[in-house]
Amino acid sequence: MKTVETLNELWQARKDLPGPVGLVPTMGFLHDGHLMLVKEAKQSCASVVVSIFVNPTQFGPSEDLDAYPRDLQRDLSHLEALDVDLVWIPTSEVMYPANYQTWVEVGDVTKPLEGSYRPGHFRGVTTVVSKLFNAVQPDVAVFGQKDAQQVAVISQMTRDLSYPIEIKVVPIVREGDGLALSSRNTYLNQDQRKAATVLYRALRAAEKAYLSGERSAETIRQIMSETITDEPLASAQYVSCADLLTLTELETITNGALLSMAVYVGKTRLIDNWILGKPNAD
Ligand code: AMP
């Protein structure tokens, strides 16, 4: 496994990789969710590139950029064990050199949900992913369903900018009690960790109602909100029952729906989602 930092090193190493080449973008502090993305890339590609970059431009001024967990040595040993070919660990100066002034912005699909509570977040994501695509030139790029809106935004960007890249999506990897794996789970103390299952409980309560015939999106949103209100350590920032493609809020569920939410457990902001009317992984 080769590890590179600069663009020149990356380009040099990229030349030697047999295709098809798969790219797995990450912010590091890798867990089994990330590793599932790598395994998916290994299955369909001859070479796998993983990037590790905590992208400052996708964090808001009051968000957790400085506190974001990092453990590069552990990340590298996980990736080595999976026989990854190339790891790119750019610095902020490599990604955003002095006098940097170019941004990639996607339209409507970035506006609701995460976009409405994290202004500028998706501009940072699409800019950095587009730079990763340009630098690595992968045939396949793998993302997690954990960040459902990110998948929709990147898919839109890939189509709109005509990137010749296949976007693969891996289902959410969860702990045994349903909590979606996330680097941010490390912020939770013991009581908060127990309370954090409320996101999964809310999604499953909503799914149960849907499977019993409930089709009012407002009722489904209420069921999720009430489950979260019942958990004293949690407070919902938003709950959503939205159209799978446009991500706009539904009135009636006629053709599936994306349930999603952002919930504070203490100071930690957690997100989760569940697709109604299509198979989920679990
Ligand atoms: P991050 O390091 O948080 O930026 O995540 C890198 C990639 O891993 C993104 O495509 C995420 O959606 C994906 N990911 C993170 N957590 C999970 C999970 N629990 N299951 C599946 N994919 C995940």
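Residues numbered from 1 in each chain as written. Predicted model: local features only at pLDDT ≥ 70, side-chain atom pairs only at ≥ 80, totals over all residues. Heavy atoms only, no water.

Focus: the pairing of strand β8 (residues 257–265)
A regular strand places its side chains on the two faces of the sheet in alternate fashion.
For step 1, the next point in the chain: Among the nine residues that make up β8, eight are buried, leaving the element largely enclosed by the rest of the structure.
For step 2, the next point in the chain: As judged from the nine bridges shared by β8 and strand β9 (residues 268–276), these two strands associate in the antiparallel manner. Across the sheet, Ala257 pairs through a bridge with Leu276, a residue of β9.
For step 3, the next point in the chain: Between the end of β8 and the start of β9, which pair antiparallel, lie two residues, with Gly266 showing a positive phi angle near 60 degrees. (Buried < 20%, exposed > 50% of the residue type's maximum accessible area, 1.4 Å probe, protein only. Helix = DSSP H or I, 4+ residues; strand = E, 2+ residues; numbered from the N terminus. Pairing = 2+ DSSP bridges.)

Topic: the sheet that holds β9
For step 1, the next point in the chain: With antiparallel pairing, the three strands of this open sheet are ordered in space as β7-β8-β9. Whereas interior strands pair on both sides, the edge strands pair on one side only; in this sheet they are β7 (234–242) and β9. In this sheet, neighbouring strand axes are inclined to one another by 15 degrees on average, regardless of whether the strands run parallel or antiparallel.
For step 2, the next point in the chain: The sheet contact formed by β7 and β8 spans eight bridges and is antiparallel. Counterpart to Ser235 in the pairing with β8 is Tyr264.
For step 3, the next point in the chain: Across the sheet, helix α9 (residues 198–211) touches β7, β8 and β9, and the angle it forms with β9 is around 20 degrees. (Axes fitted to C-alpha atoms, helices over the stretch in contact; angles between N-to-C directions. Contact = heavy atoms within 4.5 Å.)

A short note on the nonpolar core
For step 1, the next point in the chain: Trp88, Val129 and Phe133 are the most contacted members of the largest nonpolar core, which totals 41 residues.
For step 2, the next point in the chain: The dominant element in this core, judged by the number of residues it contributes, is helix α6 (residues 121–136), at eight residues.
For step 3, the next point in the chain: Counting contributing residues, this core receives three or more from each of domain 1 (2–170) and domain 2 (183–276).
For step 4, the next point in the chain: With 29 residues, the next largest nonpolar core counts Leu199, Ile228, Ala234 and Val265 among its residues. (Core = buried A, V, L, I, M, F, W, Y, C linked by side-chain atoms within 4.5 Å. Domains from an automatic or database assignment.)

Observations regarding the sheet that holds strand β5 (residues 140–144)
For step 1, the next point in the chain: The strand order across the open sheet formed by six strands is β1-β4-β3-β2-β5-β6, and the pairing between neighbours is parallel. Each edge of the sheet is formed by a strand with only one pairing partner; in this case those strands are β1 (2–4) and β6 (166–170). On average, each strand axis in the sheet is tilted by 25 degrees relative to the strand beside it, whichever way the strands run.
For step 2, the next point in the chain: Here strand β2 (residues 21–26) runs beside strand β3 (residues 47–52); their pairing, made up of six bridges, is parallel. Across the sheet, Gly22 pairs through a bridge with Val48, a residue of β3.
For step 3, the next point in the chain: Packed on one face of the sheet, α6 meets β2, β3, β4 (86–88), β5 and β6 and runs near 150 degrees to β2.

Focus on the site of the ligand
For step 1, the next point in the chain: Taken together, the neighbourhood of the ligand is formed by 17 residues, with His34, Gly144, Asp147, Val173 and Leu181 sitting nearest.
For step 2, the next point in the chain: Between the ligand and the protein, one listed contact pairs an oxygen atom with a backbone N or O atom of Gly144 at 2.9 Å.
For step 3, the next point in the chain: A distance of 2.6 Å is found between an oxygen atom of the ligand and a side-chain nitrogen or oxygen belonging to Asp147.
For step 4, the next point in the chain: Against a free-state accessible area of 480 Å², the protein chains account for coverage of 92% of the ligand.
For step 5, the next point in the chain: Breaking the shell around the ligand down by element, the ones donating at least two residues are β2, α2 (32–44) and β5.
For step 6, the next point in the chain: Here the shell around the ligand takes three residues from α2, the largest share from any one element.
For step 7, the next point in the chain: Taken together, the residues that form the shell around the ligand break down as nine nonpolar, six polar and two charged. (Near = heavy atom within 4 Å. Polar contact = N/O pair within 3.5 Å; in protein donor to acceptor, adjacent residues only side chain to side chain. Areas by Shrake-Rupley, 256 points an atom, 1.4 Å probe, with all protein chains shown as cover. Nonpolar A, V, L, I, M, F, W, Y, C, P; charged D, E, K, R; others polar.)

A short note on the side chain of Glu207
For step 1, the next point in the chain: Within the fold, Glu207 resides in helix α9.
For step 2, the next point in the chain: Since its relative accessible area comes to 15%, Glu207 is described here as buried.
For step 3, the next point in the chain: If near-sequence neighbours (up to four positions away) are discounted, Glu207 is found in contact with Trp274 and Leu276.

A look at the pattern of salt bridges
For step 1, the next point in the chain: Under the definition given, this model contains twelve salt bridges.
For step 2, the next point in the chain: Among the charged side chains, a network of salt bridges with common partners joins Glu218, Arg221 and Glu249. (Salt bridge = Lys/Arg side-chain N within 4 Å of Asp/Glu carboxyl O.)

Some words on the packing of α9 against helix α10 (residues 217–229)
For step 1, the next point in the chain: Contact pair α9 / α10: the axes reach a minimum separation of 8 Å and the direction vectors enclose 145 degrees. For the crossing formed where α9 meets α10, the hand is right-handed. Residue-level inspection shows Val198, Arg201, Ala202, Leu203, Ala205, Ala206, Ala209 and Tyr210 of α9 in contact with α10, the latter providing Ile220, Ile223, Met224, Thr227 and Ile228.
For step 2, the next point in the chain: For the contact of α9 with α10, the class distribution of residues is eleven nonpolar, one polar and one charged. (Left-handed = near helix turned anticlockwise from the far one by under 90°.)

A look at empty space enclosed by the protein
For step 1, the next point in the chain: For the structure shown, the criterion picks out one cavity of 30 Å³ or more.
For step 2, the next point in the chain: Considering only enclosed or pocket space, the largest cavity measures out at about 50 Å³ in volume.
For step 3, the next point in the chain: Every residue along the wall of the largest cavity is listed here: Lys146, Leu179, Ala180, Ser182, Asn185, Ala196, Leu199, Tyr200, Leu270, Ile271 and Asp272.
For step 4, the next point in the chain: Broken down by secondary-structure element, the contributors of at least two residues to the lining of the largest cavity are α9 and β9.
For step 5, the next point in the chain: Looking at the lining of the largest cavity element by element, the count peaks at three residues for β9. (1 Å grid on protein atoms, 1.4 Å probe; cavity = no way out; pocket = protein on both sides within 12 Å on 5 of 7 lines; lining within 4 Å. Points joined across faces, edges and corners; volume = space filled by probe spheres on them.)

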